[in-house]
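Analysis of the macromolecular model
As a plain string of letters, each chain reads:
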Amino acid sequence: MPKSSGSTGRTPETHVIDFRAAEHLLASRDPRGAVKLLDGVIDAYPENTAARLLRARAFFAAAQLRPAELEFSIVLEREPDNAFAHFALARTYQRQSRPDPARRHFRLAAALDPNPEYLKAARFDDD
């Protein structure tokens, strides 16, 4: 019998299923449903950066900008070279009307990955 995780009696396999279902919910424009599933995954595996990044994206899609900011920041503490997390955090700051930290993270994203979207957002030519 598989070992259960935490007091919920859920198995590691169940958490993988929840993670995949959350990906589908986010793609189907149900970010709040995705967050609910990911809460249990992160409770069981708080170190799981992929789950935190997905939850950050879901918070952002649900316009829950403070929780999105927190989750993107946690991801970047663990993976400071994650260009997508820098870009997404910058967009979060942008939506909060915080242009200075947004510009900083747009530029970090572009420096880490010359993705055309990141380069355009970084607006290096505005200096």
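Fair warning: this is a prediction, and the values are worked out from it, not measured in the lab.

Some words on the nonpolar core
Core analysis: the largest hydrophobic core is formed by 34 residues, its most contacted members being Leu-38, Ala-51, Leu-54, Phe-72, Phe-87, Phe-106 and Tyr-118. Not counting residues up to four positions away in its chain, the partners in contact with Ala-51 are Phe-19, Leu-38, Val-41 and Ile-42.

Digging into the pattern of salt bridges
One pass over the structure, following the stated rule, counts 8 salt bridges. Ionic pairing is found between Glu-69 and Arg-66, a salt bridge with its closest N-O pair at 2.9 Å. Taken together, the positions of Glu-69 and Arg-66, both in helix α4 (residues 65–78) and 3 residues apart, correspond to about one turn of that helix. The partner of Glu-69 in a salt bridge is Arg-98, and the shortest N-O contact between them spans 2.9 Å. Of this pair, Glu-69 sits in helix α4 while Arg-98 sits in the loop between α5 (83–95) and α6 (99–112), and the two are 29 residues apart along the sequence. Here Glu-69 falls in the buried class, since its relative accessible area comes to 12%. Shared partners join several salt bridges into a network, and the residues in it are Asp-39, Arg-52, Arg-55 and Glu-71.

Thoughts on the confidence of the model for the protein
Close reading of the predicted structure is inappropriate where its pLDDT is low. This prediction gives the protein a mean pLDDT of 92; 91% of its residues lie at or above 70. Scored below 50 in pLDDT, residues 1–7 shows 10 contacts in the model against residues more than four places distant or in partner chains.

Concerning the environment of Phe-124
Tracing the chain through its elements places Phe-124 in the segment after α7 (116–122). With relative accessibility at 43%, the residue Phe-124 sits in the partly exposed group. Each C-alpha atom, one on Phe-124 and one on Phe-19, is 37 Å from the other, the two residues being 105 residues apart in sequence. Among residues more than four places away in sequence, those in contact with Phe-124 are Arg-107, Ala-110 and Leu-119.

Parameters and conventions
- Residues numbered from 1 in each chain as written.
- Predicted model: local features only at pLDDT ≥ 70, side-chain atom pairs only at ≥ 80, totals over all residues.
- Heavy atoms only, no water.
- Core = buried A, V, L, I, M, F, W, Y, C linked by side-chain atoms within 4.5 Å.
- Buried < 20%, exposed > 50% of the residue type's maximum accessible area, 1.4 Å probe, protein only.
- Contact = heavy atoms within 4.5 Å.
- Salt bridge = Lys/Arg side-chain N within 4 Å of Asp/Glu carboxyl O.
- Helix = DSSP H or I, 4+ residues; strand = E, 2+ residues; numbered from the N terminus.
- pLDDT = per-residue confidence, 0-100.

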